[in-house]
Amino acid sequence: MRVLVAGGAGFIGSHLCDRIYAEGASILCVDNLLTGLQANIGQLLDRPEFTFRQHDVTQPLEAEVDAIFHLASPASPNPASVKSYLAHPIETALVNSQGTYNLLELARRTGARLVFASTSEVYGDPLEHPQREAYWGNVDPTGMRSCYDESKRFGEALSMAFARRHGVDVRIARIFNTYGPRCDSTDGRVVPNFVSQALSGNPITVFGDGSQTRSLCYVSDLVDGLWRMMMAEEARGEVFNLGNLEEHSVIEYALMIRDLCGSTSEIVHEPLPAGDPTRRRPDISKAARALGWEPKVFLADGLTRTIAWYREQLGRGAAAFSAGVGR
Ligand code: NAD
Ligand code: UDP
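What you see is a predicted model; the values in this text were computed from it and never measured.

Thoughts on the pairing of strand 1 (residues 2–6)
- In terms of burial, strand 1 is largely enclosed, as 4 of its 5 residues are buried.
- The pairing of strand 1 with strand 2 (residues 26–31) spans 5 bridges and is classified as parallel. Looking at the pairing, Val3 lines up with Ile27 of strand 2.
- Taken together, strand 1, helix 1 (residues 11–22) and strand 2 form a β-α-β motif whose crossover is right-handed.

Observations regarding the pattern of salt bridges
- Across all of its chains, the model carries 24 salt bridges by this definition.
- Its salt-bridge partner being Arg182, residue Asp18 comes within 2.9 Å of it at the nearest N-O pair. Here Asp18, found in helix 1, pairs with Arg182, found in the loop between strand 7 (178–179) and helix 4 (190–200); they are 164 residues apart in sequence, far enough to count as distant.
- Note on Asp18: relative accessible area 23%, which makes it partly exposed.
- In this structure, Lys83 engages Asp184 in a salt bridge whose closest nitrogen and oxygen atoms are separated by 2.7 Å. On the criterion of sequence distance, the pair formed by Lys83 in the loop between strand 4 (67–70) and helix 2 (89–110) and Asp184 in the loop between strand 7 and helix 4 is long-range, its members being 101 residues apart. Each member of the pair, Lys83 together with Asp184, is buried.

Section: the site of ligand 2
- Near ligand 2 there are 17 residues, and of these Thr205, Phe207, Arg214, Asp276 and Arg280 occur at the shortest range.
- A distance of 2.6 Å separates an oxygen atom of ligand 2 from a polar side-chain atom of Arg214.
- One nitrogen or oxygen atom from the side chain of Asp276 is found 2.5 Å from an oxygen atom belonging to ligand 2.
- Protein burial of ligand 2: of its 510 Å² of free accessible surface, 96% is covered by the chains.
- Taken together, the elements giving at least two residues each to the shell around ligand 2 come down to helix 4 and strand 8 (204–207).
- Among the residues making up the shell around ligand 2, the classes are represented as 6 nonpolar, 5 polar and 6 charged.

Overview of the site of ligand 1
- Taken together, 28 residues sit near ligand 1, with Asp31, Thr35, Tyr148, Lys152 and Arg189 positioned nearest.
- One nitrogen or oxygen atom from the main chain of Asn32 is found 3.2 Å from a nitrogen atom belonging to ligand 1.
- Between Leu71 and ligand 1, the recorded distance is 3.0 Å, taken from a backbone N or O atom to an oxygen atom.
- Computed on the free molecule, ligand 1 has an accessible area of 820 Å², of which 96% lies beneath the protein chains in the complex.
- Secondary-structure elements contributing two or more residues to the shell around ligand 1 are helix 1, strand 5 (113–119) and helix 3 (146–166).
- Take the shell around ligand 1: its biggest share by element is 3 residues, from strand 5.
- The class makeup of the residues in the shell around ligand 1 is 13 nonpolar, 11 polar and 4 charged.

Rules of the game
Residues numbered from 1 in each chain as written. Chains lettered and ligands numbered in written order. Predicted model: local features only at pLDDT ≥ 70, side-chain atom pairs only at ≥ 80, totals over all residues. Heavy atoms only, no water. Buried < 20%, exposed > 50% of the residue type's maximum accessible area, 1.4 Å probe, protein only. Helix = DSSP H or I, 4+ residues; strand = E, 2+ residues; numbered from the N terminus. Pairing = 2+ DSSP bridges. Right-handed = clockwise from strand over helix to strand, strands pointing away. Salt bridge = Lys/Arg side-chain N within 4 Å of Asp/Glu carboxyl O. Near = heavy atom within 4 Å. Polar contact = N/O pair within 3.5 Å; in protein donor to acceptor, adjacent residues only side chain to side chain. Areas by Shrake-Rupley, 256 points an atom, 1.4 Å probe, with all protein chains shown as cover. Nonpolar A, V, L, I, M, F, W, Y, C, P; charged D, E, K, R; others polar.

The structure is reproduced here in structure tokens:
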């Protein structure tokens, strides 16, 4: 099987490439390195069944493939990070619209299946809790996050239009907050920020009072869900939430991470970014039923592995390691 991974040099994409390689398929990794790093796929670059193509998927592309994962898009909402979608609002809107169109066209021409990486952000600041796939969401179409959440909603709609009009085999993954090694410490998301800050002894920046909740999924679990979505016949034309059920407040994550790092960093509060959702937890019963999927990695284990990775980066003085991005 020949698999194209758009956004394959990013955090989730690089773990997905590792998994696909382990499954014995050949990989075409396409990435423009806007927020990703070639170092994330360094372990695969000299393998015979792995090809890296530096390319912006908002431009058309040709390839002979059987399966396409579309993960290309900035994913961090932190306005202080140069890697966030707020720093690249037009690129973000385009990669999820024009980029999705180009990849759907490629799927139509080649007969490949396509898994589109959508997001829990399509539910906006949800009025239903936990969020089921059938929930339509509460999204501000012109808000700060709209370049991201509205373009993901459009990407979903376009995928379904290709399925209905051209019979393209599409599958939509609504990914909830995911963490783990290789999540860029400069992109300002909650786990890389808190871990970097705790390991550096810098203040841990909790936005707002920290009562907002998130449910964090370890990256290997998420990647397993994406792979199952690609392989399962029942997933054709379907939408699946992928995420962990364990929900905590942001202040709880700050305290947990500080403890696991053995850090004495103080916890400081900064203003809550506009549009920051109040609560988020997936209902994953559909994925459990249809894909036999559920997360396996406990939060403390996942955080311990993640902290060990950042500690190693810090020890090596890696260029990608930052001491956390405030607001
Ligand atoms: P990431 O920023 O680490 O990876 C995204 C990758 O896409 C990067 O390597 C980037 O260089 C690449 N890219 C961006 N624009 C591109 C373009 N025009 N052409 C080619 N490549 C391009 O982010 P991630 O956390 O790995 O997220 C991967 C996908 O999963 C994204 O689509 C994101 O919206 C989705 N997602 C992630 C999370 C999460 O918690 N990590 C949650 C919900 C959804
Ligand atoms: N957050 C925080 N401090 C940080 C980074 C994030 O308090 O340094 C909060 C953020 O306000 C949000 C949650 O952590 O409520 C998750 O943020 P992230 O950017 O990881 O993802 P989001 O779920 O907002 O897309």
